[in-house]
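An overview of the molecular structure
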Amino acid sequence: MLLLMGCCQLSNAQDLSYYLPKNVSYDPAIPTPRSIIYHEVGEWHVTHDKLVSYMKAVSAASNRFNLQVTGYTYEGRPQLLLAITSPENQLRLEEIRQQHVLLSDPEKSASLTIENMPTVVWMGFSIHGNESSGANASLLTAYYLAAAKGAQVDDLLKNTVILLDPSFNPDGLTRFSTWANMHKSKTLVSDPAAREYNEVWPGGRFNHYLFDLNRDWLPAQHVESRNRLRLFHDWKPNILTDHHEQGSNASFFFQPGVPSRANLNTPKLNQELTGLIGNFHAKYLDSIGSMYFTKEGYDDFYYGKGSTYPDINGSIGILFEQASSRGHIQETDNGLLTFPFTIRNQFTTTLSTMEAARNMRTQLLTYQRNFYIDVMKEAASYPARAFVFGDAGDKSRTAALVEMMLRHKIDVYELNQNLNTGGKSFTSGNAYVVPTSQPQFKIIKTMFEKTLEYKDSLFYDVTAWTIALAMNLDNTAIIVAPQQYLGTKLTAAPVITGSLVGGQSNYAYLVSWEDFYAPKLLYHLQLKGIRLEVATQQFEATTLAGSKKFSYGTLIIPVRQQSISAAETYAILINAVKENSVDIYAVNTGLSVSGIDLGSNSFLTVDEPKIMMFGGTGTSPTDVGEIWHLLDQRFNIPVTIVDVERFGRVDAGRYNVIIMPSGSYGNLDKGDQEKLKDWVRGGGTLIATEDAVKYLSTNGFTKVLFKTDSEKKDTTLMLPYYNRMDELRSKDMAGSIFEAKIDMTHPLCYGYMKPTVSVFKANTLFMDQNNSPYDSPVMFTDEPLQSGYLYKGNKPLIKNSAVINIDNLGSGHVISMVDNLNFRAFWFGTSKIFMNAVFFGKLIRM
Ligand SMILES: [Zn+2]
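Residues numbered from 1 in each chain as written. Predicted model: local features only at pLDDT ≥ 70, side-chain atom pairs only at ≥ 80, totals over all residues. Heavy atoms only, no water.

Topic: the coordination of the zinc ion
Formally: For Na, K and Ca the donor cut-off is 3.2 Å, while for other metals it is 2.8 Å, and in both cases only N, O and S atoms qualify; water is not among them, so sites may look incomplete. Sites are called tetrahedral only when four donors show all angles between 85 and 135 degrees, square planar or octahedral only when four or six donors show opposite pairs over 155 degrees and all other angles between 65 and 115, and irregular in any remaining case. Helix numbering and strand numbering both begin at the N terminus, where a helix is a DSSP run of H or I of at least 4 residues and a strand a DSSP run of E of at least 2. When a residue's accessible area, from a 1.4 Å probe over protein chains only, is under 20% of the maximum for its type it is buried; when over 50% it is exposed; and in between it is partly exposed.
At the metal site, the zinc ion is ligated by His128 (ND1), Glu131 (OE), Glu131 (OE) and His244 (ND1), and these contacts range over 2.0 to 2.7 Å. Around the zinc ion sit 4 donor atoms; with metal-centred angles ranging over 53 to 150°, the donor geometry is irregular. Donor residues for the zinc ion sit on one chain with the sequence pattern H-x2-E-x112-H. Of this pair, Glu131 sits in the loop between β4 (119-125) and α7 (133-147) while His244 sits in strand β7 (residues 239-246), and the two are 113 residues apart along the sequence. Residue Glu131 shares its accessibility class with His244, and that shared class is buried.

Next comes the structure, spelled out in structure tokens:
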């Protein structure tokens, strides 16, 4: 085993001969990786800058290469895509691309001559930045494809277009390569306890905002995914590979995964072809003596993952998982695992993938063509002829869903007339129609469908992602003849801008809190020094554009209470509506048509939030990242992220809101707990999510109690040991969607116009209501499951449990949110509750 894993002395420098196929000659005119990056592949972890340098150099030197920058990451790093094929194909690359995408057009694909078309293979690496053997292997793949000579590579390049994406996550790769390189010793250290093998928080797995990009292919909320998806649909590859790493003691995994855990919307033939492609990986890995496994551990279920998204797009996604050396050489159960060894396995499976693509060319092209023909047949027998959706009060959430659909090349139309259907009403201009009879039907189905039945009870990730529920958008199926409702077909998502309705006022302005981006407008105005109050009752006001009803949470800007003139106030508001999607209404009288008048004591001053959030060791990086992204990217609100361990040294008096994202907080010591309690007692708002809720209840911050499984233990039962892990895991809550009722009059629920909302739950914490009935404004309903898997033992626990509890401590509040209301940046439906806690938490009376 030891010999297989690498060499026997602790050195990890290997020259190209260690990796490359034997008996192939290489063109000396092509630069080797070493000549550009100044070290051998695997000797150091390649930095993203060097990776880009090499890809540019090899592209410049080879007439088989075409390099394209597809976009830039949050940190400004280029995302590359290299189209690699024979020089003859390069001359007609655009023509090849256009022909290829016609395979996905069931109306035109019949006339294509598959015999003359190359297969298209997208090879993607290291979407988890700290699983870097893939990105390092891409150096070898590029070198091989540029430099290898002979009939075999010529035939490969003639019959395939290889799209090489050397780094799916450049910012994460950079973070990790810096870590691994900075800890490398000249005398290599293989002890797993070494700092080299144990990254500090947050680690290189994530992108800039600490999101797992391998969950974002479907939501597509991040710039990296958006750039990649655009090119994916420009090309519609036949195979897409996704090279990862797993635990250091494992071997190598390639798909197919567990057969019973493949998504039912994925055709059987997809999994069969995945198996046939797998035969090539097996042959190639056998030839270098590498161990591997298939059909275990990993699934093919959630379409937000890189190896599963292709499966719903007529393509075949392949997941690879190499045991990770993390740093340069590490002791494992299988002996010493060197970084070059891990790179060689990844590189070898790029060769086997290309071999499969060449060999199975007509099979894969035919599969893709038939996939879309079959989709149209499936759509024809689907009960819904179209879905209509929209929310007149919140155009921003509606636009967000439209935008998401367009990224997946779904055809979306404006609703051309007002429509009452399925007990819901939709207005033209505020609603959209998506016919199901179109090639992207399967994605539409997965976005709208509520899933309640499963072949298996184990999941690698979430079990439901019904996007319409996530967006809290009214939607319903149209059963007959949707053609009559189709207006203009959209080419881009609607751009929503606000307006100042009624012009300048010398009295007051009103702002409804309903739009998703209302918090952005509020903070913008606060920064400009505008004084605002919030309505704790509803009313109907006489605006300069007529009378209008305003709900709980409406903002008022009294003109005479500003420190600036009426004209200056107007100028600020006019600019604000241009940059925000929210309308502002001018009023000239304080007397309301009904409800409270504008000078009522029921309007309360809203303070500008000064926010601190815990981060670092003891907190969950993705939870921290989701809140950071929400505040920073969506609402332009700064947040100071402070390491748990540094809290003792921080001047907490600077903040009026402190956020505790999910985490263990085991490193918040007694003194710091007391400091935090004192800060709350002084009037602060402490917002906790998921595990942090548990921490606060066990440490005396709140009276929160959790429901537990009171099922009587059966002591006569004997269960088979082999199934132990699966049985335990089936009791998990991997992620399902539940209906909750909300009190629309409570400050935490301002801006909601419906009494229920869909909450995403991915934990088994179930809160009882712990104070008065006024202090749990969001609670799960009697029969809450809307979509997803629910273990039967958890059914009585979630029923009527609290999503949110509020406790007071001195003159401050602790707001316990047991679920993640900002899940993966696409749960637009519940983020407003979170933002209400930020802005209005202080106003809650108990
Ligand atoms: Zn991974």
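Let's talk about unusual backbone geometry
Comment: phi is negative for the bulk of residues other than glycine, and the bulk of peptide bonds are trans. With an omega of 0°, the peptide bond running from Trp201 to Pro202 counts as cis. Within the secondary structure, Pro202 is located in the loop between α9 (170-182) and α10 (223-235). Here Gln255 and Pro256 are connected by a cis peptide whose omega angle stands at 20°. In this fold, Pro256 is placed in the loop between β8 (252-254) and α11 (268-287). Of note, the phi angle at Lys295 is positive, near 60°, even though the residue is not glycine.

Digging into the nonpolar core
We apply this condition: Nonpolar core, defined: a set of buried Ala, Val, Leu, Ile, Met, Phe, Trp, Tyr and Cys residues in which side-chain atoms within 4.5 Å join the residues together. Every residue pair with non-hydrogen atoms within 4.5 Å of one another is taken to be in contact.
Core analysis: the largest hydrophobic core is formed by 204 residues, its most contacted members being Ile804 and Phe839. The greatest single-element share of this core, amounting to 10 residues, is contributed by α7. Once residues lying within four places of it in the same chain are set aside, the contact partners of Ile804 are Leu748, Met767, Asp775, Ser776, Pro777, Val778, Ile815, Ser816, Met817, Leu821 and Ile833.

Some details on the sheet that holds strand β17 (residues 475-478)
Where we set the bar: Strand pairing is assigned whenever DSSP identifies at least 2 bridges connecting the two strands. Axis definition: a line fitted to C-alpha atoms, limited for helices to the stretch in contact. Angles are taken between N-to-C directions and run from 0 to 180 degrees.
Reading across from one edge, β17-β12-β16-β13-β18 is the order of the 5 strands in this open sheet, with antiparallel pairing throughout. In this open sheet, the two strands that pair with only one neighbour each are β17 and β18 (486-489). The mean inter-strand angle of the sheet, taken between neighbouring strand axes irrespective of direction, is 35°. As paired elements, strand β12 (residues 386-390) and β17 share 4 bridges and run antiparallel to each other.

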